[in-house]
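For reference, the chains in residue letters:
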Amino acid sequence: MASTPKSSYHLHNHPGNSHLRWSRAIPPILTVPSGSEITLELPDGGGNQITRENAAAGTALSSFDLSKADPGLGPIYVEGAEPGDVLRVDFLAIEPLVDFGWTAVFPGFGILSDEGEFADVAEGVLKIIDLGRPGSGDWVVDKGYILFRTSKPTKTGEEIRVPYAPFLGLVGVAPAEGEHPMIPPLETGGNIDTRWTGVGSSLFLPVKVPGALLSLGDGHAAQGDGEICGTAVETRMRATVRVTVEKEQKSWVKSPWVLTAKRDGDHNVTGEQREFMCLGVDSDIRQATKKAIRGVIDWLEAEKGLDRTEAYMLASLVGHLRMCEVVDMPNYAIGCAVPLDVFVPLPSES
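Here the structure is a predicted model, which is why all the values come from computation and not from measurement. (Residues numbered from 1 in each chain as written. Predicted model: local features only at pLDDT ≥ 70, side-chain atom pairs only at ≥ 80, totals over all residues. Heavy atoms only, no water.)

## Structural notes on the environment of Gly230
Okay, step 1: You can see Gly230 is positioned in the loop between strand 14 (214–220) and strand 15 (237–246).
Okay, step 2: Note: C-alpha distance between Gly230 and Ser113 (117 residues apart in sequence) is 9.3 Å.
Okay, step 3: Each residue touching Gly230, except ones within four places of it in the same chain, is listed here: Phe109, Gly110 and Val327. (Helix = DSSP H or I, 4+ residues; strand = E, 2+ residues; numbered from the N terminus. Contact = heavy atoms within 4.5 Å.)

Here it is as structure tokens:
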């Protein structure tokens, strides 16, 4: 009697399971069939270099090694994936592994790093953020928000509650050629730092090499669009994803696409409370924007049957441009999102 193929896998974080460059030459640490669910214990975006202890001692940033940032757990070889296919990654669960996160302003990093008041931050500034523990009254997953503690009381006597919205900043497949650093996003994904890839969303990546060679990392408990100062609430995460090879011809998937999670309470016509968003990746922010818009036009033409001029018009009427990532130089990731509830099925004829 034939055995049933295994459908769920678990990857732990240890040095042999992660890498610090994107390359098809890195051998896979795990091979899975299409449709598998994988649970990963992920290091934070700093490679777990920052701890409560070295933060309290004031040595966390002075000893921080940027070359160890954004490690990717993987690569994972997905059976059946070939160049020209699309790898779909469904995010099923994401939860902190530790009771703290951190955010920091690093010298020379962040969108305002060339301006005097932030360029002069010689050693950087670090903030440790409490996430609580499971079963306690302050567990962030139960509370739904993160308390942003300021160094002095606000003038208005308010506390600042940042919505808890976990996601993985780094999800990508191997590029076709070359060796690339981890921090800048690529058209094959990687460090896209796109907050719309939370639980319930799906990411679609263009496969460039056999097996796709998927890697994940850089857990965030919260982040705004752009990751403005260069960091989110960085923390170690446990994440469960499902990986599926899509063989249908989708030549319009030239860069990452995001199918967002369902929204609650928003106006919609069809009940499809989601958006489909193309990420344009480029070292020029205008070119990245153009790539995102062209991707949407390609999709509307191929999948909805619109001619390209009408697709361009529709993108102007309903599309939302988002500065998803603007700090991981030299590349920007700009999203163009189309709400799916604008596509309303016609009543069937009786």
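## Some words on the nonpolar core
Okay, step 1: Core analysis: the largest hydrophobic core is formed by 44 residues, its most contacted members being Leu87 and Leu214.
Okay, step 2: A total of 5 residues in this core trace back to one element, the largest contributor, which is strand 15.
Okay, step 3: Leave out the neighbours within four places in its chain, and Leu214 touches Leu73, Gly74, Pro75, Ile76, Leu87, Val89, Val171, Gly172, Val173, Leu205 and Val243.
Okay, step 4: Grouped together as the second largest cluster of nonpolar side chains are 20 residues, Val253, Cys278, Trp299 and Cys336 included. (Core = buried A, V, L, I, M, F, W, Y, C linked by side-chain atoms within 4.5 Å. Buried < 20%, exposed > 50% of the residue type's maximum accessible area, 1.4 Å probe, protein only.)

## Things to note about helix 5 (residues 308–318)
Okay, step 1: Of the residues making up helix 5, those classed as buried are Ala311, Leu314, Ala315 and Val318. Along the long axis of helix 5, the arc covered by the buried residues comes to 105°, so they all point the same way. Summarising the geometry of helix 5, the exposed residues directed more than 90 degrees from the buried face are Thr309, Tyr312, Met313, Ser316 and Leu317.
Okay, step 2: Among the structural elements, helix 4 (285–304), strand 18 (320–325) and strand 19 (332–339) are those in contact with the buried residues of helix 5. (Arc of directions from axis to C-beta.)

## What about the packing of aromatic side chains?
Okay, step 1: Per the counting criterion, the structure on display carries 10 aromatic pairs.
Okay, step 2: Seen from their ring centres, Phe64 and Phe106 are 4.9 Å apart, and the 45° between their planes marks the pair as tilted. A residue pair is termed long-range when its members are at least 10 positions apart, and Phe64 in the loop between helix 1 (52–56) and strand 5 (72–78) and Phe106 in the loop between strand 7 (100–105) and helix 2 (116–119) qualify at 42 residues.
Okay, step 3: Assessed through its relative accessible area of 15%, Phe64 is described here as buried. (Phe/Tyr/Trp six-rings, centres within 6.5 Å; stacked < 30°, edge-to-face > 60°.)

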